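Listed here are the chains, written in short residue letters.
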Amino acid sequence: LDVSMDTWSYFRTCLASIWLYRFYIYSAVALGISLWIVIQFTTTKTKKKGEKSSGNPTSSRGTEDKLVNGCATPQAKEVYVAGVKIFYGSQTGTAKRFAKALAEAVTSLNLPVEVINMGDYDPDDCLAEETTSRNVCVFLVATYTDGQPTESAAWFCKWLEEAANDFRVGKTYLKGLRYAVFGLGNSEYVDHYNTVGRRLDRWLWMLSASRVMTRAEGDCSVARSRHGSIEGDFEAWKAKFLSRLQALCRGEKKPCSGKCKKGKCKSPGKQSKESSDHEHEASEHENTEAEELFETSSEEEADAGEAGGTNAVIDVEDLGNIMGHMKKTKVLLFLWVGNGQVFATDQKEEEEKREMITPALRDALTKQGYKLIGSHSGVKLCRWTKSMLRGRGGCYKHTFYGIESHRCMEATPSLACANKCVFCWRHHTNPVGTEWRWKMDQPEMILQEAIENHQNMIKQFRGVSGVKAARFEEALTVKHCALSLVGEPIMYPQINHFVRLLHQHSISSFLVTNAQFPEEIRSLEPVTQLYVSVDASTRESLRRIDRPLFKDFWQRFLDSLKALAEKEQRTVYRLTLVKAWNVDELKAYAELISLGKPDFIEVKGVTYCGESSASSLTMANVPWHEEVVGFVQDLAELLPDYEVACEHEHSNCLLLAHTKFKVDGEWFTWIDYERFQELVRERERSGGSRTFTAADYMARTPPWALFGARERGFDPLDVRFQRRNKARDISGC
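The shown structure was predicted, so the numbers you read here are calculated from the model rather than taken from an experiment.

A. A look at the overall build of the chain. Assigned secondary structure in the chain consists of 22 helices and 25 strands. Among the 733 residues that make up the chain, the fraction classed as buried is 46%. When contacts within the chain are restricted to residue pairs at least 6 apart in sequence, long-range pairs at least 24 apart make up 75% of them. When the accessible surface of the chain is totalled, it reaches about 38,800 Å², and 52% of it is carbon and sulfur.

Spelled out as structure tokens, the structure:
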């Protein structure tokens, strides 16, 4: 140091020296670290090459652990899928049946499989274990009519919802769990179609579980199902799931895109770093898209529907949001733009309409004895027709209204129905819907083939022991048509034309409706007798018994009764008593009767049609005939304008009639069918200006058909046949 320099210059020289020393130190440290990294990289690379050429000697310890009888077994392959667990929540047994079918398919892949009823499973104790089990969990869940899970799945869903929304539960609680969801629902329930499956998918995703494939939905609505039935939807999804499962077993994180040449796909272990990174990014992109699609398939989808649903008018400033949803759901088509608005329509309306009867439905209905007509109609021989051919008595309509049961054709122009009644004797094999969405056959063809099929079924009784020759010849000419076979006849768009054709063939018309189509009832032309099924008297009991598809089913029900009161021809309430379900609602029934003012009220005990997964009814729900009699008598006391008129004990049925049909102390509940046809022709000739009423074609009721008669409604011209169990053979050898 220069002693002549001043203090400030000395200080600056010392500071510069310190910074210079620090630079040297840092440079030395950086050089040392670099040399260490190079040495480590070179050593590791040489070590891997040595292991590859020497058969991986470092794994000798693992090999020693796998000695069997002194011999080393081949090194075990990594297990990507340990097994499959199938969870189901079912109300009618469909999800359970699908679970068993899927289990059989998975078993064929040599994978362990377990089928689990969600009601017997405790997710609080067991579900977290699936995060490390390497199993794939499949959830088959049904949505009940009110949008809630089935009874068996209720606790599982409640627990999962609480876990997903509980801040105390980590959002990675189910990380590692792999799952797939197939929901079962009915798109006719617009507001809660497959909500349980969607929510279950969302809750699992919120807890960091991983989807192995996109959620799928099966649709009970034949018109809207992508594959014609919920069974078809399930089979299509099952094929995709099995393909995805096989890919997972091979260690593939995502299915093959199909763009590679056969056999050229690189296995996960052989992929280059660049391709692996690229596929990882693509996989993350796909997951992001799946999550976005998932979000729009639940709450956001509902919001989008409210903002611009089908057949809605959308403001142009909202077009950006709607287009975003449209890209994902592919639902809307824009037809024209004008005045700052865009008119949107449902793409499904532009598609070709499907046939109502799918191959699966055709097989099921044919096995039940239906003669199917065209794509949506059917005819079947009633057991009372066969009974009266043998002289064993007619149905209750013979007793109450004088029809000839052996000349009655039971048919329907629409197999579809808007209800899924618990006591339906068709076990819900027919399709359901709230509006006509199918191809439509012409009424002339339907009637012609219905008569031909009916006659062919009658001809099978030629020469059968016990069949009366005179009645057999009469039966070949149809005189009555009961449009009550199955489904909702009034849904058929050409129902008025069909009824006119019946009358032109001198065939009387007995049409039954489920009271869900008030406007169609109002527009219906005169029929011989119009029925409305009144299966319950309160909103809640009607929901439980009829299980209607319409959200506004109760208002539709009331409006249908009001529409019935406007009819001038014969009208009937049909009450079906289900023990422990609707037999304690007398006052409520009386109020409904005052609303619709029917001419007649049929009260019948429910018929048990055997065990079915579609219904929980048992013989305990069938009332005894004396219980039905007691109910009718109590109801009559609340109705000053009605009295008990007729009884048909064999059908467990009674008839309440309005006192206007009691003339000079005698009942006139029967029908003058020839007079009715004359009145219809007169109305036709007048262009509809000339009307007629129920009183214009009534006929006197015979004494044997009256309530309190010794015959109890059985025609004395016939001989009642009662089956008796054969005595068991108890003799020894």
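B. Structural context of a negative patch on the surface. A cluster of acidic residues, D122, D124, D125 and E129, forms a negative patch on the protein surface. In this structure D125 comes out as exposed when scored by relative accessible area, which is 52%.

C. How the structure looks around the packing of helix α14 (residues 443–459) against helix α16 (residues 495–504). Interaxial distance between α14 and α16 falls to 9 Å at its minimum, and their mutual angle equals 45°. Overall, the two elements α14 and α16 adopt an arrangement that is oblique. The crossing of α14 and α16 is right-handed. Judged by residue contacts, P443, E444, I446 and L447 of α14 engage H497, F498, L501 and L502 from α16. Its residues assigned to classes, the contact of α14 with α16 comprises six nonpolar, one polar and one charged.

D. Highlighting the sheet that holds strand β16 (residues 508–513). Strand order in this open sheet of 10 strands is β12-β13-β14-β15-β16-β17-β18-β19-β21-β20, and the pairing throughout is mixed. If you trace the sheet from one side to the other, it starts and ends with β12 (371–373) and β20 (642–648), each paired once. Averaged over all neighbouring strand pairs, the angle between strand axes comes to 25°, with direction disregarded. Packing against the sheet, α16 makes contact with β15 (480–483) and β16, and its axis sits at approximately 150° to β16.

E. Broad picture of the pattern of salt bridges. Counted according to the given criterion, the structure contains 30 salt bridges. Residue R500 is joined to E525 by a salt bridge in which the shortest nitrogen-to-oxygen separation is 2.6 Å. Here E525 lies in the loop between α17 (518–523) and β17 (529–533) and R500 lies in helix α16, a separation of 25 residues in the sequence. Here E525 falls in the partly exposed class, since its relative accessible area comes to 22%. For R574, the salt bridge is made with E602, and the minimal N-O distance between the two is 3.7 Å. Pair noted here: R574 is in strand β18 (residues 570–577) and E602 is in strand β19 (residues 600–605), with a separation of 28 residues, a long-range link. Note on R574: relative accessible area 15%, which makes it buried. A network of salt bridges, in which partner residues are shared, links R198, D201, R211, R215 and E217.

F. Fine view of the pairing of β16. Extensive coverage of β16 is indicated by the burial of six of its six residues. A two-sided burial pattern is seen for β16, the buried positions comprising S508, F510 and V512 on one face and S509, L511 and T513 on the other. In this sheet, β16 lies alongside β15 in parallel orientation, the contact comprising four bridges. Directly across from A482, in β16, lies its bridge partner F510. Once the chain exits β15 it traverses α16 before rejoining the sheet at β16, and the crossover so formed is right-handed. The pairing of β16 with β17 spans four bridges and is parallel.

G. Molecular detail of the confidence of the model for the chain. Here the chain averages 79 in pLDDT, and 73% of its residues register 70 or above. In the predicted structure, residues 51–73 sits below a pLDDT of 50 and forms nine contacts with residues beyond four places in sequence or in another chain.

H. Focus on the environment of W438. Locating W438 in the fold gives a position in the loop between β14 (408–412) and α14. Its relative accessible area of 1% is what places W438 among the buried residues. Along the sequence, W438 and E355 sit 83 residues apart, while their C-alpha atoms lie 5.4 Å from each other.

Quick notes on the rules
Residues numbered from 1 in each chain as written. Predicted model: local features only at pLDDT ≥ 70, side-chain atom pairs only at ≥ 80, totals over all residues. Heavy atoms only, no water. Helix = DSSP H or I, 4+ residues; strand = E, 2+ residues; numbered from the N terminus. Buried < 20%, exposed > 50% of the residue type's maximum accessible area, 1.4 Å probe, protein only. Contact = heavy atoms within 4.5 Å. Areas by Shrake-Rupley, 256 points an atom, 1.4 Å probe, with all protein chains shown as cover. Patch = residues over 30% accessible without salt bridge, like charges linked within 9 Å, V, L, I, M, F, W, Y side chains within 5 Å. Salt bridge = Lys/Arg side-chain N within 4 Å of Asp/Glu carboxyl O. Lys, Arg positive; Asp, Glu negative; His and termini not counted. Charge placed at Lys NZ, Arg CZ, Asp CG, Glu CD. Axes fitted to C-alpha atoms, helices over the stretch in contact; angles between N-to-C directions. Parallel < 35°, antiparallel > 145°, perpendicular 65-115°, else oblique. Left-handed = near helix turned anticlockwise from the far one by under 90°. Nonpolar A, V, L, I, M, F, W, Y, C, P; charged D, E, K, R; others polar. Pairing = 2+ DSSP bridges. Right-handed = clockwise from strand over helix to strand, strands pointing away. pLDDT = per-residue confidence, 0-100.

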